[in-house]
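Observations on chain architecture
Residue strings, one per chain:
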Amino acid sequence: MERDVIVVGAGPTGLLLGCELALAGTRVRIVERRAEATRNSRALTLHPRSLELLDMRGLLPRFLPSGRTLPGWHFANLPTRLDFSALDSRHGYTLFLAQARTEALLEERARELGVRIDRGHEVLALAQDDTGVSVDLRDGDGRATTSRARYVVGCDGGRSTVRQAAGIGFPGTDETLTGVLGDFATVDASPEALEAARANGVMVVPLEAGLTRLVYIDPQRMRAPADEPVTLEEFRGALTRICGDDCGIAEPRWLSRFGNATRLAERYRSGRVLVAGDAAHIHFPAGGQGLNTGLQDAMNLGWKLAAAINGWAPADLLDSYEEERRPVGRAVTENTAVQLLLTELTLTPRYERPATALRTLLDELLGIQDVNRLLADRVSALSTAYTSPRPDAHPLTGRRMPDIELNTADSKNTRVHELLSPAHFVLIDFAEHDGGQAQSTRNEEGPRPPHLTTATASPNATRDDLHGATEILVRPDGHIAWATRTTDAATRRAERTEALTAWTGSPRP
Ligand SMILES: Cc1cc2nc3c(=O)[nH]c(=O)nc-3n(C[C@H](O)[C@H](O)[C@H](O)COP(=O)(O)OP(=O)(O)OC[C@H]3O[C@@H](n4cnc5c(N)ncnc54)[C@H](O)[C@@H]3O)c2cc1C
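Residues numbered from 1 in each chain as written. Predicted model: local features only at pLDDT ≥ 70, side-chain atom pairs only at ≥ 80, totals over all residues. Heavy atoms only, no water.

Within the chain, the regular secondary structure consists of 14 helices and 26 strands. Taken against the 2.2 N^0.38 rule, which gives 23 Å for 509 residues, the C-alpha radius of gyration of the chain at 24 Å falls within 12% of a compact globule. Each of the 509 residues in the chain was classed as buried or not, and the buried ones make up 54%. In the chain, of all internal contacts separated by at least 6 residues, the share reaching a separation of at least 24 is 72%. (Helix = DSSP H or I, 4+ residues; strand = E, 2+ residues; numbered from the N terminus. Rg over C-alpha atoms; globule rule 2.2 N^0.38 Å. Buried < 20%, exposed > 50% of the residue type's maximum accessible area, 1.4 Å probe, protein only. Contact = heavy atoms within 4.5 Å.)

Here the chain is described as being made up of domain 1 (3-173 + 262-380), domain 2 (178-259) and domain 3 (405-504). Relative placement of domain 1 and domain 2: their C-alpha centres are 26 Å apart. Listed as interface residues are 17 residues of domain 1 and, on the opposing side, 16 residues of domain 2. Carbon and sulfur atoms supply 65% of the area that domain 1 and domain 2 bury against each other, a total of about 1,300 Å² over both sides. When the buried area of domain 1 at its contact with domain 2 is split by residue, Asn40, Phe284 and Leu347 rank highest and sum to 36% of it. Joining domain 1 to domain 2, the criterion identifies one salt bridge. (Domains from an automatic or database assignment. Buried area = accessible area lost by both parts, 1.4 Å probe. Salt bridge = Lys/Arg side-chain N within 4 Å of Asp/Glu carboxyl O.)

Glancing now at helix H2 (residues 48-56). Of all nine residues making up H2, nine are buried, and the element is well covered by its neighbours. Taken together, the buried positions of H2 are Pro48, Arg49, Ser50, Leu51, Glu52, Leu53, Leu54, Asp55 and Met56. Once H2 finishes, glycine 58 follows within two positions and takes phi at roughly 70°, a positive value.

The next thing to look at is the packing of helix H1 (residues 12-23) against helix H8 (residues 290-310). Running from amino to carboxyl end, H1 crosses H8 at an angle of 25°, the nearest separation of the two axes being 8 Å. Viewed along their axes, H1 and H8 adopt a mutual orientation that is roughly parallel. For the crossing formed where H1 meets H8, the hand is right-handed. Mapping the contact onto sequence places Pro12, Thr13, Leu16, Leu17, Glu20 and Leu21 in H1 and Leu291, Gly294, Leu295, Ala298, Met299, Leu301, Gly302, Leu305 and Ala306 in H8. For the contact of H1 with H8, the class distribution of residues is eleven nonpolar, three polar and one charged. (Axes fitted to C-alpha atoms, helices over the stretch in contact; angles between N-to-C directions. Parallel < 35°, antiparallel > 145°, perpendicular 65-115°, else oblique. Left-handed = near helix turned anticlockwise from the far one by under 90°. Nonpolar A, V, L, I, M, F, W, Y, C, P; charged D, E, K, R; others polar.)

In this section: the sheet that holds strand E24 (residues 452-457). Here we have six strands laid out as an open sheet, ordered E22-E21-E24-E23-E25-E26, and mixed in their pairing. A single partner strand is all that each edge strand has here, and the edge strands are strand E22 (413-415) and strand E26 (480-484). Strand-to-strand twist across the sheet, computed as the mean angle between neighbouring axes with direction ignored, equals 30°. Taken together, the three bridges between strand E21 (residues 405-408) and E22 define a ladder with antiparallel strand orientation. (Pairing = 2+ DSSP bridges.)

Take the sheet that holds strand E4 (residues 68-70) next. The sheet built from three strands is open, its strands ordered E3-E7-E4 with antiparallel pairing. Looking along the sheet, the strands with just one partner apiece sit at the ends: strand E3 (45-46) and E4. Pairing geometry for E3 and strand E7 (residues 94-96), over two bridges, is antiparallel. Bridge pairing links leucine 46 to leucine 95 in E7.

The next point concerns the pairing of E26. Among the five residues that make up E26, five are buried, leaving the element largely enclosed by the rest of the structure. Where strand E25 (residues 471-474) meets E26, four bridges bridge the pair, whose relative direction is antiparallel. Opposite isoleucine 472, over in E26, you have alanine 483 as the bridge partner. Linking E25 back to E26 in an antiparallel pair, the connection comprises five residues, with glycine 478 at a positive phi of about 85°.

Another aspect to go through is the nonpolar core. Counting residues in each nonpolar core, the largest one holds 84 residues, and the members touching the most others are Phe63, Leu305 and Ile472. For this core, the element with the highest residue contribution is H8, accounting for eight residues. No fewer than three residues from each of domain 1 (3-173 + 262-380) and domain 3 (405-504) sit in this core. Residues contacting phenylalanine 63, with those up to four places away along its chain left out, are Leu46, Leu54, Leu95, Leu97, Thr102, Leu105 and Leu106. Core analysis: the second largest hydrophobic core is formed by 19 residues, Trp73, Phe84, Phe96 and Val379 among them. (Core = buried A, V, L, I, M, F, W, Y, C linked by side-chain atoms within 4.5 Å.)

Further remarks concern the environment of leucine 452. Inspection of the secondary structure puts leucine 452 in strand E24. Residues leucine 452 and glycine 154, spaced 298 residues apart in sequence, show a C-alpha to C-alpha distance of 29 Å.

Let us look at the site of the ligand. For the ligand, the set of nearby residues contains 31 residues, the closest of which are Thr13, Glu32, Gln99, Asp278 and Leu291. Taking threonine 161, its side chain carries an N or O atom lying 3.3 Å from a nitrogen atom of the ligand. Aspartate 278 places a polar side-chain atom, nitrogen or oxygen, 2.7 Å from an oxygen atom of the ligand. Taken by itself the ligand offers 1,000 Å² of open surface, and the protein chains cover 91% of this. A per-element tally of the shell around the ligand places H8 first, with three residues. Each residue belonging to the shell around the ligand can be placed in one class, and the counts come to eleven nonpolar, 13 polar and seven charged. (Near = heavy atom within 4 Å. Polar contact = N/O pair within 3.5 Å; in protein donor to acceptor, adjacent residues only side chain to side chain. Areas by Shrake-Rupley, 256 points an atom, 1.4 Å probe, with all protein chains shown as cover.)

Right, here's the structure in full:
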């Protein structure tokens, strides 16, 4: 076997997955069809949960200086913004960062971790058997080669060759509407013209290197197919029709049309082949969620696949990737469809008036703190929680672990995200409830699993939303595997042993 895993596609999902797999000591190769990284950026945002994930791997100091932080984002392009700053996170903001930059930073990290990245390599077909997957490739010189790995993950975008070769269906709805984007070196428009553009639904976004992005849906041409090229003349004509001014656009760097085809893979795993990111879900880019969802898929899959390869994965761990992430993919396809529907109705003459009234009403609702928070929690992905099959599970089970302060066994002050940097489990004792039991359990004889770190919550780390937890087991992706509120030492030990066996493959704390 040449490699443990071949990841197909060096987009954001494939690159982060490569990092996660390499961090856990597996041998990874990423193959990418493009000979060079693209300079055009579809996505521009990293939302709070993605920022938390990067924080967990110590990567934020690379990302933050490269972008610009914004206190929130939009829902359905409504004027009242989602307020991420009100959310329960150290990273209650969006990092405005071009996708090309995100990919460059992830690629830099992947190479540091020893991931082999072969650009100019296109996957044509694959075949799996009991021990691995054979991948047929064409390299940059047109030579055909076959490479073999124990697992293959398709992070190869919406038209995924891997997904198709694995026979995984991609049901959903075809494109019915397209939007247009343009990145321009020159936008010579008066403030009034830009204001009129915004008021008529055109997004005007300053990018790095002096570029400005304009994005619109043209009611007259909104059925044009996504693969129809966009010309500067079309762009100027559409802006003039929509807002009465062509906004002085010139020197386009990138013109593109994108559609609302919405699909969700019917399975995320077929034997030794898995899919993640756009290969598993596509939708209209409303609310800036596609790239973020792909990163979160990668973070969920990486440690589980590595556990299977490293031989300690409990039997159903790898299948839990699909169980946990497919509902998230479905929810994102639904919330983006709702956002687009609102725009589509506004652009449809017979619904224009009620749709405009509906937008006004929703905008007012967004001004209500609780409503704003609910949607902000969803778009930021901070509310993503995985359901436990156990009805008696502690209410925290499956939710994200807040980044509370901790003390390590050698009395260092730290916090949850810092302790997660090697992508190990973290077992946290809330010692003040414990009467010294935490110490005695840690002194038990026998080897601890190497992928487990133990810590004690700082006295000031207790919060109401921890629901009286006396002990919490955090997974490598920052979600809570198990928690208990029992103060009885024997019960707690029994519960802990069961949880550690179920999750880490070893009963020892
Ligand atoms: C206009 C627009 C704006 C967007 N804005 C946002 C935003 O603000 N925020 C957000 O979160 N998301 C946004 N998105 C969505 C985001 O761009 C995607 O969700 C994201 O790129 C998905 O990442 P990925 O790695 O899964 O797939 P991709 O980025 O599509 O990467 C797949 C990679 O696989 C390679 N590949 C494909 N086939 C093969 C093959 N056979 N062999 C080898 N390599 C192959 C491709 O060359 C590519 O590099 C936007 C999308 C659009 C269209």
